[in-house]
Amino acid sequence: MIEKSILGVAGEFAVAAELCRRNVYAQLTLGNQKRVDLLTMSREGRLLRVEVKTKQGPSWPSIKGVGAGEGFLVLVDFAGVRDTERAAFFVLSADDWRTVATRHIEEYRQNHPDRTPYLDQENCPVFPEELNARGKPFRGCSVRVPAIESYREAWSKILDASERITDAEPPDSTSEQ
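Here the structure is a predicted model, which means the values were calculated and not measured.

**Notes on the nonpolar core**
Piece 1. Counting residues in hydrophobic clusters, the biggest one holds 24 residues, and the most contacted among them are Val-15, Val-74 and Trp-155.
Piece 2. Looking at which element gives the most residues to this core, the answer is helix α1 (residues 4-21), with 5 residues.
Piece 3. In this structure Trp-155 touches Val-15, Glu-18, Leu-19, Arg-22, Val-74, Arg-86, Phe-89 and Val-91, once residues within four positions along its chain are discounted.
Piece 4. Among the nonpolar cores identified, the runner-up in size contains 17 residues, and Ala-94, Trp-97, Ala-101 and Ile-148 belong to it.

**Details of the sheet that holds strand β2 (residues 38-41)**
Piece 1. Here we have 5 strands laid out as an open sheet, ordered β1-β2-β3-β5-β6, and mixed in their pairing. The sheet is open, and its two edges are formed by β1 (27-28) and β6 (88-93), each paired on a single side.
Piece 2. Two elements, β1 and β2, share 2 bridges in a ladder whose sense is antiparallel. Paired with Leu-28 across the bridge in β2 is Leu-38.
Piece 3. Sheet contacts for α1: β1, β2, β3 (47-55), β5 (71-77) and β6; angle to β3, the most-contacted strand, approximately 130°.
Piece 4. The sheet contacts of helix α2 (residues 94-111) involve β5 and β6, and relative to β6 the element is tilted by about 100°.

**Side note on the layout of surface pockets**
Summary: where empty space remains is shown by rolling a probe the size of a single water molecule over the atoms.
Piece 1. Of the voids in this model, the largest pocket is the one considered here, and its volume is about 400 Å³.
Piece 2. As for the largest pocket, its lining consists of 15 residues, and the residues nearest its centre are Arg-35, Glu-51, Lys-64, Gly-65 and Glu-122.
Piece 3. If you list the elements that add at least two residues to the lining of the largest pocket, you get β3 and β4 (60-63).
Piece 4. Taken together, the residues that form the lining of the largest pocket break down as 4 nonpolar, 3 polar and 8 charged.
Piece 5. Sorting the residues of the lining of the second largest pocket by element identifies α1, β3 and β4 as the ones contributing at least two each.
Piece 6. Take the lining of the second largest pocket: its biggest share by element is 5 residues, from β3.
Piece 7. Taken together, the residues that form the lining of the second largest pocket break down as 6 nonpolar, 5 polar and 7 charged.

**Notes on the packing of aromatic side chains**
Piece 1. Counted according to the given criterion, the structure contains 4 aromatic pairs.
Piece 2. On the numbers, 5.3 Å between centres and 55° between planes, the contact of Phe-89 with Trp-155 is tilted. Of the two residues, Phe-89 is situated in strand β6 and Trp-155 in the loop between α3 (145-148) and α4 (156-161); the sequence distance between them amounts to 66 residues. Just as Phe-89 is buried, Trp-155 falls in that class too.
Piece 3. When the centroid spacing of 4.8 Å and the interplanar angle of 65° are considered together, the rings of Tyr-108 and Phe-127 count as edge-to-face.

**So, the sheet that holds strand β8 (residues 125-131)**
Piece 1. The 3 strands are arranged β7-β8-β9 in an open sheet whose pairing can be described as antiparallel. The outermost strands of the open sheet, each flanked by one partner alone, are β7 (118-119) and β9 (137-139).
Piece 2. In the sheet, β8 pairs with β9 via 3 bridges, with the strands oriented antiparallel. Residue Phe-127 lies in a different strand from β9, and its bridge partner there is Phe-138.

Parameters and conventions
All chains use their own residue numbering, which begins from 1 and follows the written sequence. With the structure being a predicted model, the display of local features is reserved for residues of pLDDT at least 70 and the display and counting of side-chain atom pairs for 80 or more, all residues being used for whole-chain, interface and lining totals. Values shown for side chains rest on all heavy atoms present in the structure; no hydrogens or waters enter the calculation. Nonpolar cores are built from buried Ala, Val, Leu, Ile, Met, Phe, Trp, Tyr and Cys residues. Side-chain atoms within 4.5 Å join them into one set. The buried label goes to any residue with under 20% of its type's maximum accessible area, the exposed label to any with over 50%, and the partly exposed label to all in between, with areas taken from a 1.4 Å probe on protein chains only. Under the scheme used here, helices are H or I runs from DSSP no shorter than 4 residues and strands are E runs no shorter than 2 residues, and both carry numbers assigned from the N terminus. Residues count as neighbours in contact if any of their non-hydrogen atoms are within 4.5 Å of one another. Strands are treated as partners if at least two bridges between them are detected by DSSP. A fitted line through C-alpha atoms represents every axis, and for helices the fit uses only the stretch in contact; the resulting angles, taken between N-to-C directions, go from 0 to 180 degrees. Residues are said to line a cavity or pocket when one of their atoms sits within 4 Å of a point; the points come from a 1 Å grid over protein atoms alone, cavities being sets where a 1.4 Å probe fits but cannot get out and pockets being open sets with protein on both sides within 12 Å along at least five of seven lines. Grid points are joined across faces, edges and corners, and a volume is the space filled by probe spheres set on the points. Gly is put with the polar residues, along with every residue not named as nonpolar or charged; the nonpolar set is Ala, Val, Leu, Ile, Met, Phe, Trp, Tyr, Cys and Pro, and the charged set is Asp, Glu, Lys and Arg. Aromatic pairs are defined between Phe, Tyr and Trp rings, using the six-membered ring for Trp, whenever the two ring centres lie within 6.5 Å; interplanar angles under 30 degrees are classed as stacked, those over 60 as edge-to-face, and all others as tilted.

Read these as layout, nothing more, since geometry by itself doesn't imply function.
If you want it as structure tokens, here you go:
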């Protein structure tokens, strides 16, 4: 079992490795105030944001998702994975996340018809009647594998939007050193 203090970093490195295996350059961002986990480049030369969320329990708690635009959410599942095994990966575009979050909100409304959850401008589920410890509306939702099974190993979503690295030309052996 991966220690909780490094679980997120393990997921970020795992996603970067999977992208690099597919010839997509992925740059991890560093720090504890960051707003994005990985960066890659689109075919048009724009940076693509990749958010990574990692779990080893039954669900990913408080997932806020990914905003509209050129961003992706990769959910990494280490639940029941041994050291010699590969994690499961679920790759969602911003539109995919909106679909998953909207479905979650609709199910919530069926159980709580008197409440008014909504998706904000960043595609984050907001629950105004449920307040957090600071008295603010709760943001995010719990995600379980069955809700995202159709996105398992959907790396083509990022590959199609990213610039693939082609074999580099060999260094010129005649250049001066």
